[in-house]
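# Secondary and tertiary structure notes
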Amino acid sequence: NSNSTKKTSNTAKKSSSTVKNKKTTTSKKQNNSIKESAESKAIEPIKVETKEEVIVPLEISAKNKEAENCTILGVVLPTGTDKADTENRIKLYMKDSLVFSIIIPILDLLAMLFIKAYKPYPITNNIIINCFITLLIDFILIFVLTFSVDYIHGERIVRRINNKK
């Protein structure tokens, strides 16, 4: 039995090596035939047809132009250069800043109440005073930042509109 097992295993080894040799010779023959056909035939250039695309410019509607010179709340800014229009724009910027600086501290208060990791600035030993001071600082910083960004952005738009006229 051991002799027959050895013969079977030797036969299996020989047949597998023969299969490997056949695969390598077949793949070499295929590679050579591909190279020969590529060398013998001239490669023709690929012809590509292109279509001209027409780009249609988008027209900006009057509504989009108005939306460009609006405040955060959507009020259209007066674009005049006189003192009354400038004061009116500043009042509009202040309203935007006031609304935004009220909403954010309310959200901060809710975060302080319901999120354990969100704590007020530890200024005093009293937690209520710390919350109040934190909200006051938030209010002031957000008001100043929102007003300055809104003012700079709004005045640039007004200047651009006035330069076009």
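What comes next is a walk through the structure. Numbers given for residues are sequential positions, taken from 1 along each chain in its written order. With pLDDT at 70 or above as the cut-off, local features in this predicted model cover only qualifying residues; side-chain atom pairs require 80 or more to be listed or tallied, and sums for whole chains, interfaces and linings still use all residues. The basis for the side-chain values is all heavy atoms of the structure; hydrogens and waters are excluded.

## Re the packing of helix α3 (residues 83–114) against helix α4 (residues 127–164)
For clarity, the cut-off: Inter-axis angles, ranging from 0 to 180 degrees, are taken between N-to-C directions of lines fitted to C-alpha atoms, where helices are fitted over the stretch in contact. Note on conventions: DSSP H or I runs of at least 4 residues are helices, E runs of at least 2 residues are strands, and numbering of each starts at the N terminus. The sense of a crossing depends on the near helix, which, turned anticlockwise from the far helix by less than a right angle, makes the crossing left-handed and, turned clockwise, makes it right-handed. Ten residues, namely Ala, Val, Leu, Ile, Met, Phe, Trp, Tyr, Cys and Pro, are considered nonpolar, four, namely Asp, Glu, Lys and Arg, are considered charged, and the remaining ones, Gly among them, are considered polar.
Running from amino to carboxyl end, α3 crosses α4 at an angle of 145°, the nearest separation of the two axes being 7 Å. Crossing handedness for the pair α3 and α4: right-handed. The residue inventory of the contact of α3 with α4, partitioned by class, reads 18 nonpolar, five polar and six charged.

## Some points on α4
Here is the rule we go by: Here, expected helix span is obtained from the residue count minus one, scaled by 1.5 Å. Two N or O atoms form a polar contact when they lie within 3.5 Å of each other; inside protein one atom must be a possible hydrogen donor and the other a possible acceptor, and for residues adjacent in sequence the pair counts only when both atoms belong to side chains.
The end-to-end C-alpha separation of α4 is 55 Å, in line with the 56 Å expected for 38 residues at 1.5 Å each. Taking the backbone nitrogen of I128 as reference, a side-chain oxygen 3.1 Å away marks N126 as the first, capping residue of α4.

## A few points about α3
Test applied: Only protein chains enter the calculation, and the probe is 1.4 Å; a residue is then buried if its accessible area is under 20% of its type maximum, exposed if over 50%, and partly exposed in between. By definition in these notes, contact holds between two residues if any of their heavy atoms fall within 4.5 Å.
Under the 1.5 Å per step criterion, the end-to-end length of α3 is 47 Å for 32 residues, consistent within 8% with the ideal 46 Å. All buried positions along α3 are accounted for by R89, L92, Y93, D96, S97, S101, P105, D108, A111 and M112. Residues of α3 that are buried make contact with α4.

## Points about the side chain of T134
Within the secondary structure, T134 sits in helix α4. Within the local environment of T134, its side chain forms a polar contact with the backbone oxygen of N130, the two atoms lying 2.7 Å apart. Residues within four places of T134 in sequence aside, it is in contact with M112, P120 and Y121.

Honestly, that's just the spatial picture; any functional story needs more than this.
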